[in-house]
Each structure stands twice: as C-alpha cells, then as structure tokens.
Amino acid sequence: MMDELSTNKTAHTLYELNNAIKSAITRAFPEAYWVMAEIADLKCNQRGHCYLELVEKVDDKTVAQTKATIWAYEYRKLSHKFLAATNESIRPGMKIMLLAVVNFHELYGFSLNIRDIDPTYTLGEMARKRKEVIERLRKEGLLELNKGLPLPLVPQRIAVISSPTAAGYGDFFNQLDTNRYGYKFVHVLFPALVQGQDAEGSIIEALRKIGKYRHLFDVAVIIRGGGSAVDLNCFDNYALAAQIAGCPLPVITGIGHEKDDTVADIVAHTRMKTPTAVAEFLVSGLRSFEDNVMDKRNRIKTYTTRLLQDIRYRLYSLARQLGYIPGQAVSARLNKLIFLQGSLRNFATQRLQKVSYTLDRIEQALRLLDPVNVLRRGYSITRHDGKILKDASLVGKGAAIDTTLYKGKIVSTIGIQRRTRNHEQERAACLLPGFDGAGADNQ
Amino acid sequence: MELEQIISEIETEDVDVDVLAGKVKRAVLLVKLCKTRLRNAEEEVKKIMAEIEVDSNEDSELAEDDEPAV
C-alpha cells in the first residue's frame, strides 16, 4: 500500500489514509489485550457511554496516554461488578487492569475500547497503596499518636465532622439528644463533605478548625452515613490520616462501612462502625462514669452506715457497762453488808442469849442467896444489941433480943436457955457463910 | 477523682466521727454535682457557641478581605 502511494504520487483522501491505518492496526492487533493503566479522567455522557483518559506514570511523570471508551451496555455491567468486588466505583486516580481492543476510527482516531476490567488488580493496588500509607504513618510516628490521647472521663462536649445531608447524621444527633439516661451533650457541627472528590480536603479543613477550638471539646467525631459503602477511598489517604493522627482531641470514627478498617479508622482513637454506634459509645461513656460515681457513693454509704453502727454499738455497750458495773459493785457491797448485818445480828443474839442465860443463872443464884428469900423459907435472924446473934451462950437470962422474920420483927426477952449440939451450930453457921455482915446491912 | 480519695481516707484511716460527717457531706455534694453536670449542659453550650460565633465572624471578615485578592 505504501509502495503504491509513493510511486504513483497520487494523493489520497484523509479518509482513505485513516482507513488504511485502521486496517493496519486491526491486522496488527487482532485480539483483545490486558493492559494496566491509571484512570486520569472519566466522563459519562447522557447515553451512558463512558470516555476515559488512561495514563501511565513513572515517578509522577506521564510516560504514556491514551483515550479509551466503555460503551453504555458494557459500562453498566462492569461498574456493577467492580463496585461489588471493591466497594469502590471506577474513578480517576484508580489503577485498573482492563481488557481492551485496539481501535482506530477514521473520524475519532486512536482509542482503546474497554471490554472488561479485572477488579482484583485494583484491589491489590488499593491494598498495596493502603499498606504504603500505613507504613509511612508508622515511620512518622503517627499511627498510634491519637490513640495515645486519654479519652476524657466524661466525653460530653463533642465536635462533629459530617455533612448535614449525609445519611446517619440525623440518627446520630437524635441518639445523643434522646438518650434514655437524660444525659445532655454539647455538640457542634463542623460541616464537611464526607464523600466524593473533595471529601478529603474538606474533612482536613474541619479537623484543623476543631484543633483551634480544642479547649472547648472533649472529643472529635467523624461520621458518615451507613448503608452505602462506596467512595471510602478518601479515608485511606495519607493526608487525612495524618491530620486525624495529629488532632489534639481524641477522634472517634463512625464512617459506616462493613469492609476492613480504613486508614482513618486505624489512626483514630476509637473506631466505631456507624454513627449510631458512636452515639452509643459516648452515652455509655457517661453512663459508666455515673455508675462509677454511684458505686463510690454506695461504698461510702455502706461504709459510713457500718461505721456508725459500730460506733453506736460501742457507745451502747459502753453505756451499759457504765450503768452495770456500779450496780454490781454496789450490790456486791450491799450483799456483803446485808450478810454482815445478818451475821452481826446472829452474833449479837447469840451473845445476848449467852449473857442473858448467865445473868439468869446469876440472878437465880443471887435470888437464892438473898436473905429475904432465906427469911421467906422460914429462917429468922436474931440480933442482940444490933449484932447478929450466932451463939446462945452469949446472952443471959432476961436479955432482950430482936428477931427478924420474913414479915415483921419480934422483940423478946430470954427466959430459958438450952444448949444445942455443936454440929448443928456448925451447920447453921455454914448455911450462910460470909453473909452475916451483908445480911445485917441489907436489913 | 476526689470521691476515690474520700473512700480511701474513710476506709483506711481511723476517722473521727465529726471528720467522717464532713467527708460524707462533701461526697454527697460531689455526687450531686456529677449528676447535675451529666444532665445539664446549657451553660457549656452557651459558652462554646459564644466563642465559636465570635471567631467565625472574624473568619468571615477575613474571608471577605481575602476574596478580592483571590
């Protein structure tokens, strides 16, 4: 063909040329080929046809670039498949492996028509990129930085990063504000886009602002509605992760996805699956604080009650001892006294009885000896010249004698004297020994 | 936490009854304070809002100033 063109020097139409190129290319690349490329741009028209700009970069420098197309019918099929496998939609910046037919069109020129995309390659690419980001964060000491911040005892003042239009946004505030314990939270929204191209920069900006107001808040929360799991890629990017790591407040994420943690989740202080879960976490934080306080209160109450009981008991027993011991002492002494009194009485009685007995005997003896009693028994006392007469020979005839009887006295004159026998005289004398004087005195 | 301190004081030390009464009174006050703080945040809201509003006004002024240059 070339030979024809050069020898005949006949000019060809552009169409003829392009058509020739098309035939040559079709001949040279008869099959479909697997190609690795990065999507630089992607646009779909109203009919659903998709037009891409594919590039290959080496050290951020573009070394190859080609237009590509995915026809509407293919695109619907492929984008579904891709999303299901990667949780991401096909978008610029992504590296894909595509099955392409090399195409040259007389009017539109060179392009690749994409027939298939292998999501596993993209998954691998994403994982590799993610791993690189994590490794970089680790090296820079950012991976555990936010986790190192202490979570306040009562996370009550909350800076929220979200989009008011995001699903789950309402649920989050609803759950916080109507918690069953009646806790009040202070929450301030720092609006940001949480999906799409501009999400990363928008969230970073919100985090910066929160950093400025760090003294007003206890925690920062990034929430994004649950349900849709697409377009999470911004949460795997280094810049956002680094911003979260460096946030002066503990960051809690509720990005709402089921897949493996995003890098944002990894560097965050606490990772929750959904906005609702974040709200629950915050409520439970306050709850556990209150439980703790009530537990302390009960401990103090129990301990104090016990202590007071102890003291009361001690006081009571002390009081009882004080009341009891003197009583005991007194009653012991009293008993002794009573005993002493008793024995004293017995002793006295005995002594008295003994004395009185002796006295009785003495009295009796005395009574027996009393001259009156002697006289009573019929004896009499005779006196002469005032002296008791014991010997008849001492008085002569005609002498006067007094005789004292039990009752009365007789004065008589002696007529006849008769001698009594000696022994009778002695017996009479013995009868009242020593009583001669005394008996005379008694009269 | 002051409550913890009170507990350790009354549980480990031999407290006089009068001192105990004082500490229990303080503990009751603290518990009440905690419960109140958990359920009332109006003051805190006002404070935060006031501060942020002042700042955001400044921000918007700055933004307006910047705009012609951009």
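How each quantity is defined
Residues numbered from 1 in each chain as written. Chains lettered and ligands numbered in written order. Predicted model: local features only at pLDDT ≥ 70, side-chain atom pairs only at ≥ 80, totals over all residues. Heavy atoms only, no water. Helix = DSSP H or I, 4+ residues; strand = E, 2+ residues; numbered from the N terminus. Buried < 20%, exposed > 50% of the residue type's maximum accessible area, 1.4 Å probe, protein only. Contact = heavy atoms within 4.5 Å. Areas by Shrake-Rupley, 256 points an atom, 1.4 Å probe, with all protein chains shown as cover. Salt bridge = Lys/Arg side-chain N within 4 Å of Asp/Glu carboxyl O. Axes fitted to C-alpha atoms, helices over the stretch in contact; angles between N-to-C directions. Parallel < 35°, antiparallel > 145°, perpendicular 65-115°, else oblique. Left-handed = near helix turned anticlockwise from the far one by under 90°. Nonpolar A, V, L, I, M, F, W, Y, C, P; charged D, E, K, R; others polar. Pairing = 2+ DSSP bridges. Polar contact = N/O pair within 3.5 Å; in protein donor to acceptor, adjacent residues only side chain to side chain. Phe/Tyr/Trp six-rings, centres within 6.5 Å; stacked < 30°, edge-to-face > 60°. Core = buried A, V, L, I, M, F, W, Y, C linked by side-chain atoms within 4.5 Å. Right-handed = clockwise from strand over helix to strand, strands pointing away.

Q: Mind showing me how you'd approach the overall build of chain A here?
A: From N to C terminus, chain A includes 12 helices and 14 strands. Buried residues in chain A amount to 36% of all 443 residues. The contacts in chain A between residues at least 6 apart in sequence include a share of 63% that link residues at least 24 apart. Within the structure as shown, chain A displays about 27600 Å² of accessible surface, and the carbon and sulfur contribution to it stands at 56%.

Q: Hey, could you run me through the overall build of chain B in this one?
A: A tally of helices and strands in chain B yields three helices and zero strands. Order of helices (α) and strands (β) in chain B, N terminus to C terminus: α-α-α. Looking at chain B as a whole, 26% of its 70 residues are labelled buried. Here chain B displays about 5000 Å² of accessible surface, and carbon together with sulfur accounts for 54% of that area.

Q: Honestly, the pattern of salt bridges in this entry has me stumped. Any pointers?
A: Should their charged atoms come close, side chains of opposite charge can pair. Residues and elements named next belong to chain A. Taken as a whole and judged by the stated rule, the model has 22 salt bridges over all chains. Across the pair Lys57 and Glu38 runs a salt bridge, and its minimum N-O distance is 3.8 Å. Residue Lys57 is found in strand S2 (residues 50-58), and its partner Glu38 is found in strand S1 (residues 32-44); the two are separated by 19 residues along the sequence. For Glu125, the salt bridge identified is with Lys95, shortest N-O distance 3.9 Å. Placement of Glu125 in helix H4 (residues 119-139) and of Lys95 in strand S4 (residues 95-105) is noted, with a sequence separation of 30 residues between them. What makes Glu125 buried here is its relative accessible area of 16%. When its relative accessible area of 33% is taken as the criterion, Lys95 is described as partly exposed.

Q: What is the right way to look at the packing of helix H3 (residues 72-86) of chain A against H4 of chain A in this model?
A: All names here are of chain A. Interaxial distance between H3 and H4 falls to 9 Å at its minimum, and their mutual angle equals 40°. Judged by the inter-axis angle, H3 sits oblique to H4. When you trace H3 past H4, the crossing you get is right-handed. Residue-level contacts link Lys81, Phe82, Ala85 and Thr86 of H3 to Pro119, Thr122, Leu123 and Met126 of H4.

Q: It is not clear to me how the packing of helix H1 (residues 2-12) of chain B against helix H2 (residues 17-39) of chain B should be interpreted in this structure. Could you clarify?
A: The relative placement of two packed helices comes down to the angle between their axes together with the axis-to-axis distance. Residues and elements named next belong to chain B. Relative orientation of the contacting elements H1 and H2 amounts to 155°, with a least axis distance of 10 Å. In terms of orientation, H1 lies roughly antiparallel with respect to H2. The handedness of the crossing between H1 and H2 is left-handed. Where H1 abuts H2, its residues Glu2, Leu3, Ile6, Glu9 and Ile10 lie against Leu20, Lys23, Arg26, Ala27, Leu30 and Val31. Here the contact of H1 with H2 is composed, by residue class, of seven nonpolar, no polar and four charged.

Q: Before we go on, may I ask you to explain the sheet that holds strand S13 (residues 400-404) of chain A in this structure?
A: Strands belonging to one sheet form pairs held by backbone hydrogen bonds; the direction of such a pair is parallel or antiparallel. All names here are of chain A. Taking strand neighbours across the sheet as the criterion, the four strands line up as S12-S11-S13-S14 in an open arrangement whose pairing is antiparallel. Every interior strand has two partners, whereas the edge strands, strand S12 (387-388) and strand S14 (409-413), have only one. Summarising the sheet, S13 and S14 pair through five bridges and their orientation is antiparallel. Bridge pairing links Ile401 to Ser412 in S14.

Q: Is there a simple way to think about the interface of chain A and chain B in this case?
A: Accessible area lost during the coming together of the parts is what is often quoted as the interface size. Facing 32 residues of chain A, the contacting portion of chain B comprises 31 residues. Our enumeration of links across chain A and chain B arrives at seven residue pairs in polar contact (both at pLDDT 80 or more). For the side of chain A that touches chain B, the secondary structure elements donating two or more residues are strand S7 (186-191), helix H6 (199-212) and helix H9 (275-369) of chain A. At 15 residues, H9 of chain A tops the list of elements feeding residues into the side of chain A that touches chain B.

Q: Help me understand the packing of aromatic side chains, please; the structure alone is not making it clear to me.
A: Each aromatic ring pair is characterised by the separation of its centres together with the angle its planes make. All names here are of chain A. This structure, assessed with the given rule, holds seven aromatic pairs over all chains. Between the aromatic rings of Phe172 and Phe173, the centroid separation amounts to 5.2 Å while the plane-to-plane angle is 80°, which identifies the pairing as edge-to-face. Classification of Phe173 by relative accessible area gives buried; the value is 11%. Relative to Tyr213, the ring of Phe190 lies with its centre 6.4 Å away and its plane at 40°, an arrangement referred to as tilted. Pair noted here: Phe190 is in strand S7 and Tyr213 is in the loop between H6 and strand S8 (219-223), with a separation of 23 residues, a long-range link.

Q: Just checking my understanding: could you explain the sheet that holds S7 of chain A for this structure?
A: All names here are of chain A. Taking strand neighbours across the sheet as the criterion, the five strands line up as S7-S6-S8-S9-S10 in an open arrangement whose pairing is parallel. Each edge of the open sheet carries a strand with a single partner, namely S7 and strand S10 (270-272). Sheet twist, expressed as the average angle between the axes of neighbouring strands with direction ignored, equals 20°.

Q: For this particular structure, what's the right way to read the side chain of His49 of chain A?
A: Residues and elements named next belong to chain A. Considering the arrangement of structural elements, one finds His49 in the loop between S1 and S2. Reaching out from His49, the side chain makes a polar contact with the backbone nitrogen of Ala72 at a distance of 2.9 Å. Excluding anything up to four places from it in sequence, His49 contacts Lys43, Cys44, Ile70, Trp71 and Ala72.

Q: Is there a simple way to think about the environment of Arg299 of chain A in this case?
A: Following the sequence through the fold, Arg299 of chain A ends up in helix H9. Its relative accessible area of 36% is what places Arg299 of chain A among the partly exposed residues.

Q: Please explain the nonpolar core as it appears in this structure.
A: The biggest cluster of nonpolar side chains holds 44 residues, and the ones touching the most others in it are Leu137, Ile161, Phe190, Ile203, Phe217, Phe235 and Ile244 of chain A. Secondary-structure elements contributing two or more residues to this core are H4, strand S6 (157-162), S7, H6, S8, helix H7 (238-245) and helix H8 (263-267) of chain A together with helix H3 (42-69) of chain B. Not counting chain neighbours up to four residues away, the residues in contact with Leu137 of chain A comprise Leu142, Leu143, Tyr238, Ala241, Ala242, Val263 and Val267 of chain A. Core analysis: the second largest hydrophobic core is formed by 36 residues, Ile158, Phe172, Phe185 and Leu286 of chain A among them.

Q: Would you take a moment to explain the pairing of S7 of chain A for this structure?
A: Regular strands show a simple pattern: their side chains alternate between the two faces of the sheet. Residue and element names in this part refer to chain A. Only one face of S7 is covered, namely the one carrying Val186, Val188 and Phe190; the face carrying His187, Leu189 and Pro191 has none of its residues buried. Pairing of S6 with S7 involves six bridges; the strand directions are parallel. The residue bridging Ile158 from the neighbouring strand is His187, located in S7. With respect to chirality, the unit in which S6 leads through helix H5 (residues 169-177) into the neighbouring parallel S7 is right-handed.

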